[in-house]
Structure formats: structure tokens, C-alpha cells
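# Commentary on secondary and tertiary structure
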Number of protein chains: 2
Amino acid sequence: MNNRDKPILLVALGGNALIRKGERGTVTQQFKNLVLPIRQIAQLSQDYRIIITHGNGPQVGNLLLQQESCSDVPKLPLEILVAQTQGQIGYMIESTLDSQLMDLGVHVKPLISLITYVVVSEQDPAFLNPTKPIGPIYASKKQAPSGYPVAKTAKGFRRVVVSPKPVTIIEKREIKKLITAGFIIICCGGGGIPVVREGRAFQGVDAVIDKDLASAKLAQEVGVDIFVIATDVNGVALNYGTKDEKFMRRLNIGSANQLIADGHFADGSMRPKVEAAVQFVRDGGKRAVITSIKAIESAVKGQAGTEIIV
Amino acid sequence: MNNRDKPILLVALGGNALIRKGERGTVTQQFKNLVLPIRQIAQLSQDYRIIITHGNGPQVGNLLLQQESCSDVPKLPLEILVAQTQGQIGYMIESTLDSQLMDLGVHVKPLISLITYVVVSEQDPAFLNPTKPIGPIYASKKQAPSGYPVAKTAKGFRRVVVSPKPVTIIEKREIKKLITAGFIIICCGGGGIPVVREGRAFQGVDAVIDKDLASAKLAQEVGVDIFVIATDVNGVALNYGTKDEKFMRRLNIGSANQLIADGHFADGSMRPKVEAAVQFVRDGGKRAVITSIKAIESAVKGQAGTEIIV
């Protein structure tokens, strides 16, 4: 099959693809964890044109803790820390994919990792209320560092920051050209670096964009065929974590919106994933699947995960 | 002129393009300083195909200080910090260039900032001896943090790290394709992320590559026409900083090598710049110029800087 005829697959990797729950996140752990999702993506790259996006929650949280511990150098705003994690994780994913492609003996493809920034609106009400969890997970609110907003998430207590909605991906034209030219692209790390447009210039803002919502926006803007959100659970479940937990193999947009409205999915966790998948399918995307990191290949084949359908 | 017929210009920006001597390096200072070189590059992009590389000395040093001040999160090796600075500085340069192109009303070009890693040799003798200055500049050895190798540089005392020679740029094929496709490319930040090839995999190494030498290697591997090294002095001078200082408008390879051998140029400062320019011209490059950040356009026109000639 000619490369141009292959469907475009976007895989959004959660931060837990690098740092799993309970891990401190040494560089050795992060590289080791990446092999599981990246080997599957290397296999898939034979049949699909590939875009990889990724989260950065644990990494950006670590950078924030580090810069707050050090009075010797000027502190940088959140968007610069997001940019730093794009460098770090982009490199880790790219070099792991490079190695896996060599190991599989797959024909060498052009492969690049791109800095990506994303326009948000100054009028976004999110600027009034921090909701996006970043950094380490704490068992109790007391253990979390004081002086910052902290919220209870599905995984435990975490610091939260402002998280506006993505309006448009600045590099969408470039990414489209690159996909057409046969490149495998790693981009939109950590949801992208948030900027507002001020006249004829861009201005960074002290915030973090949800990576699933940014990935959905990118998927729509560049015309992705299959959008896979890979996380640490098998897919979408009702009554998650209780004895009444009910895994859903398929979920239509109407039901999904109702479940979101009824508060079934945790903020900053499953909720933005379902919203992102719904948004993609609603705007004309062919397939969106929420699945676990170990089942990316199966999910693409329609054998795992929760399929969001019209 | 058709884009494919335009000469390829590579501009290597020193870390001082973002943080000037005596500055602490706030994000506001860094963005402000970038306007001077980037506006010139925006102008030049009308007549040249452009690659921008950049240093990261102050930024990677700051990250090192920050992570050493914080016991709560795992420390990362130097190559990961280099990757982080590629994200940070790549974003700052790209968004500044984006804004300057908009401001000049120049036709929008595809513009991307790439993560770049660079192969070094495990046998490089540099691994035995740290020489590359990073981080803040101190007036005396006493003021520098203890417990690390510190060396006297042209600018003052600085911490030094291992700095192997670049062997090949991993993304050279990708960069060549992108230049041909009309992209303006920001890459090879901080000299690239150093890796060694181990069988069918890449392995990062705890080191920093000199950005001028990495830029010269990239320039040769992708077929750059003009290689400009932009720094904080007007060009190459004999007896720099003394009353006998003598600026050189032109310097041939033979004389340059002799002056290097005689110890005329400071390690980790002017010396690698002259070596990089010599290497580029020796390997068949058309023009190499060492100039100041404010004179990039003049240097390209042949009206400023030190031209390294065969």
C-alpha cells in the first residue's frame, strides 16, 4: 500500500506510559516503561501513518518542585516547563521508537519530535479555577506541599493548575505536510505549550492544556482517521473502582454526554478522555478508542478498549 | 527565486542570545534578547533557506542547579536536561520567529523546532576530562558551588562537564528533507542530545556536546552553503581583551590551526567556534563567518565578522 493511502493513526499516551503509579520516575524506569507502548506503535507504523502525542503530568510537576526548591535561579512560568517536558519526553519517545524500529527491522522512516504550541483564549473561564492535576500523587491532602491549590483526583491528592481549552494547534499545517511526506511525528506534548495571540505576536500563559483535548483538536485539524487514547485502565467503566464497576465496550455520544453531565467520570482523569473522544467523533472523526497502554494494537484492531461511536 | 534555488544559511546562536552576561535569565529577559538575532533571521529568510541552532549553557546549568537543590524527585542525567533545554529554547526561538515573521508581513513559512540527538563515541578521550563550561559565571573559584569540576573561562569561573565530539546527527536525513520542502528549522539545540549506539539501540550519555562543533557537523551533513556563528564579540581577535587586541577580518585555515595550537583561543569559548568554522570550510563548505549577534545580517552580506577561508 502506498504510504499516502494508509490511514492516519494518532496515539495519545498518558504520563503513566513513562511513570507508573508508585514509581519515583527515574530515567531508567521511564525508558523501561516506554517500551510497552512504543513497540506496539513501531509494529503499527507498518500499516498506519503515525502521530504520537503524550502527557507530562508527573514530569512537569517534578520540574515545578525542583524550581521551587532553588532560590539561585529565576523561576520560569508553567508554559516554559511544559516546553521543557516536550524536549525531555519527545526525546525519550523518539529514541525508544528509533530503537524499536531498528530492533523490528522495520524500514527506517523519517521520524521527528516537534515542539508544539497551542492557542488558548484569554476569556477561557478556566483561568478563574485551577483543575488540572500535575506532579506527584499524595495519599492525603496533608502530605501535599502547602501553599498551592490541591484537589482529590481518582488516584489521590494532587496539586492542580489552570487548564484552558485548546483553540487551535499552531503547527497544524506543518504537521499535515509532514504526515503527507511520510514522517512519523511526535508532537503536542503535555497538551502543547499554551499561548494567546496578541496582535501580531504570541504570548505564553501560565497554564497547562489537557493533552487529550489538545490531541482531539490536533486529530480534527490534521484529518486523523483513528484516535487512540492510551491510559492505565482498560477503557471506560461505570462505577469505576466499586463492586458495581461495569466496563463498556461501546459508548455512544449521547450516553457519554449524559454520563459526563451526571458526574460519572473524574475531572482531570477519565472525564477529559471521554470528552476528547466524543469531540473527535462528533466533528466527523472515524474512530475513537480509549484503551490501556498494553492493548494499543488490539484496540486499533477493534479487540480492546471502549469505542466511542456516533 | 524558487525556494529550492535559495542558498541554505545555518545560524548558530550562542546561549548569550538569550541570557546576556550579568543577567539572571528571567523569561522576560530571554524573550527580549531574542528579538535582536531573530528579527535579522526573519529578514534573511526571504533570501535564504534557514536552519537555526542554539547553545544552552546558562539554561542547562540552571536546570542542574535546580535539580541538585531538590531531594524530592529523582535526578536526571545531563542528556535529559539538554533535551529539556531543546524544548524550552526551541519554543522561545520558534515563537519569537513566528511573531517577527508576522510583524514583518513576511509570507508565512512552515516553521518547526525539532528535538535532535547526536551520536558520540564511547572511545572519545573527552570522557576522561570535563572541559565544557555550563551554568552561571562566577567572579572567583570560591563563589562557584563546591563538589564539581570548575574551570577558569574567558568570562569567569564556571562549572565544567564532559564534552565529546559529535560523530553524526541522527536526524540529518529528516532535516535535509525538511529543508528541501521549504521548512525553516530550529534544531541541534545545546549541541544535540548526546547518545552512543549500542547494537540496535541508542543510549544517552551524561555529557554535553559543543553546539558550534555539532552545528558544523550538521552543516556538512545537510549541505549548508553559509555557516554563521553568532556570539557576543565582533569576531576573532588576537590577544583578545588586551591593549594589543587585533581583530581579524579574514583568517585562513592554516593560520587558524596554528593559532589554536599556540593556545590563542579560550577553551569552551572562541576555540570551538574557530575549530567549527575551520572544519566546515575544510570539508568543502562555501562560507563560514564568526560574528556578533547584532551583526548577523551584515555578516551574511560580507560586511562584518571574521570570515574563515581556505
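In this text, all values refer to a predicted model and were calculated from it rather than measured experimentally. (Residues numbered from 1 in each chain as written. Chains lettered and ligands numbered in written order. Predicted model: local features only at pLDDT ≥ 70, side-chain atom pairs only at ≥ 80, totals over all residues. Heavy atoms only, no water.)

## Here we look at the relation of the copies chain A and chain B
With an RMSD of 0.0 Å, chain A superimposes on chain B once it is rotated by 180° and translated 0.0 Å along the axis. Here the two chains are linked by the operation of a two-fold rotation axis. Take the interface residues of chain A: 100% of them recur as interface residues in chain B, which is what a same-surface contact looks like. (Least-squares fit on C-alpha atoms with pLDDT ≥ 70 in both. Contact = heavy atoms within 4.5 Å.)

## A word on the pairing of strand E11 (residues 201–204) of chain A
Residue and element names in this part refer to chain A. Of the two faces of E11, the one holding Phe202 and Gly204 is buried and the one holding Ala201 and Gln203 is not buried anywhere. Where strand E10 (residues 193–198) and E11 come together, 4 bridges link them in antiparallel fashion. Bridging across to E11, valine 195 finds its partner in glycine 204. Counting the residues that bridge the hairpin from E10 to E11 gives 2 residues, and of these glycine 199 lies at a positive phi of roughly 60°. (Buried < 20%, exposed > 50% of the residue type's maximum accessible area, 1.4 Å probe, protein only. Helix = DSSP H or I, 4+ residues; strand = E, 2+ residues; numbered from the N terminus. Pairing = 2+ DSSP bridges.)

## Overview of the confidence of the model for chain A
Detail in the predicted coordinates should be disregarded across regions flagged by low pLDDT. Per-residue confidence for chain A gives a mean pLDDT of 93, with 99% of residues at or over 70. Interface predicted TM-score (ipTM) for the complex: 0.94; the corresponding pTM is 0.95. (pLDDT = per-residue confidence, 0-100.)

## Things to note about the sheet that holds strand E1 (residues 8–13) of chain A
Residue and element names in this part refer to chain A. In space, the 8 strands of this open sheet follow the order E3-E9-E2-E1-E12-E16-E17-E15, with mixed pairing throughout. Each edge of the open sheet is held by one strand with a lone partner, namely strand E3 (111–113) and strand E15 (250–252). With direction set aside, neighbouring strand axes in the sheet form an average angle of 20°. When E15 meets strand E17 (residues 306–309), the two strands line up parallel, connected through 3 bridges. Across the sheet, the residue bridging to asparagine 252 is isoleucine 309, located in E17. (Axes fitted to C-alpha atoms, helices over the stretch in contact; angles between N-to-C directions.)

## Some words on helix H7 (residues 270–282) of chain B
Residue and element names in this part refer to chain B. When the terminal C-alpha atoms of H7 are compared, their 18 Å separation across 13 residues agrees well with the 18 Å that a helix rising 1.5 Å per residue should span. The buried count for H7 comes to 11 of 13 residues, which makes it a mostly enclosed element. Among the residues of H7, those classed as buried are Met270, Pro272, Lys273, Val274, Glu275, Ala276, Ala277, Val278, Gln279, Phe280 and Val281. In this structure, the buried side of H7 is in contact with helix H5 (211–222), strand E12 (226–231), strand E15 (250–252), helix H6 (253–261), strand E16 (287–292) and strand E17 (306–309). Backbone geometry just downstream of H7 places glycine 284 in the positive-phi region, at approximately 105°. (Expected span 1.5 Å × (residues − 1).)

## Focus on the environment of proline 130 of chain A
Residue and element names in this part refer to chain A. Note on placement: proline 130 falls in the loop between strand E4 (117–119) and strand E5 (132–138). The partly exposed category is assigned to proline 130, whose relative accessible area is 27%. Between the C-alpha atom of proline 130 and that of valine 161, which follows or precedes it by 31 residues, the distance is 4.4 Å. When residues no more than four places from it in sequence are discounted, the contact partners of proline 130 are Pro149, Val160, Val161 and Val162.

## Structural notes on the interface of chain A and chain B
Across the contact, 56 residues belong to chain A and 56 residues belong to chain B. Between chain A and chain B lies a buried interface of about 4700 Å² when both sides are counted; carbon and sulfur atoms form 65% of it. Of all residues in chain A, Gln66, Tyr91 and Arg200 of chain A bury the most surface against chain B, accounting for 15% of the area lost on that side. The tally of links from chain A across to chain B stands at 0 salt bridges. Taken together, the links from chain A to chain B amount to 15 residue pairs in polar contact (both at pLDDT 80 or more). Only helix H1 (27–44), helix H2 (57–68), helix H3 (78–104), E3, helix H4 (172–180), E10 and E11 of chain A provide two or more residues apiece to the side of chain A that touches chain B. (Buried area = accessible area lost by both parts, 1.4 Å probe. Salt bridge = Lys/Arg side-chain N within 4 Å of Asp/Glu carboxyl O. Polar contact = N/O pair within 3.5 Å; in protein donor to acceptor, adjacent residues only side chain to side chain.)

## Overview of the side chain of aspartate 210 of chain A
All names here are of chain A. Within the secondary structure, aspartate 210 sits in the loop between E11 and helix H5 (211–222). For aspartate 210, a relative accessible area of 6% translates into the label buried. There is a polar contact of 2.9 Å between the side chain of aspartate 210 and the backbone nitrogen of aspartate 212. Polar side-chain contacts of aspartate 210 include one of 3.0 Å to the backbone nitrogen of leucine 213. Setting aside anything within four residues of it in sequence, one finds aspartate 210 in contact with Lys132, Ser163, Gly191 and Pro272.

## Here we look at the nonpolar core
Grouped burial of nonpolar side chains is what soluble globular proteins tend to show. If you look at the biggest cluster of nonpolar residues, it comprises 102 residues, and the most contacted ones within it are Leu9, Leu13 and Tyr91 of chain A together with Leu9, Leu13, Ile52 and Tyr91 of chain B. Those residues within four positions of tyrosine 91 of chain A in sequence are excluded, and the remaining contacts are Phe31, Gln86 and Ser113 of chain A together with Glu79, Ile80, Ala83, Ile115, Tyr117, Ile193, Val195 and Gly204 of chain B. Grouped together as the second largest cluster of nonpolar side chains are 100 residues, Val120 and Val281 of chain A together with Val120 and Ile260 of chain B included. (Core = buried A, V, L, I, M, F, W, Y, C linked by side-chain atoms within 4.5 Å.)

## Quick look at the pattern of salt bridges
According to the stated counting rule, one finds 20 salt bridges over all chains in the structure shown. Two residues, glutamate 307 of chain A and arginine 287 of chain A, come together in a salt bridge whose shortest N-O distance is 2.6 Å. With a gap of 20 residues between them, glutamate 307 of chain A in strand E17 and arginine 287 of chain A in strand E16 (residues 287–292) connect regions that are remote in the sequence. We classify arginine 287 of chain A as partly exposed; its relative accessible area is 21%. Its salt-bridge partner being glutamate 275 of chain B, residue arginine 271 of chain B comes within 3.0 Å of it at the nearest N-O pair. Taken as a pair, arginine 271 of chain B and glutamate 275 of chain B lie in helix H7 at a separation of 4 residues, close to a single helical turn. Given a relative accessible area of 31%, arginine 271 of chain B falls into the partly exposed group.

## Remarks on helix H4 (residues 172–180) of chain B
Residue and element names in this part refer to chain B. All of the buried residues in H4 are Lys172, Glu174, Ile175, Leu178 and Ile179. Here the buried residues of H4 occupy an arc of 160° about the axis, which is enough to place them on one side. Glycine 182 lies just past H4 and shows a positive phi near 90°. (Arc of directions from axis to C-beta.)

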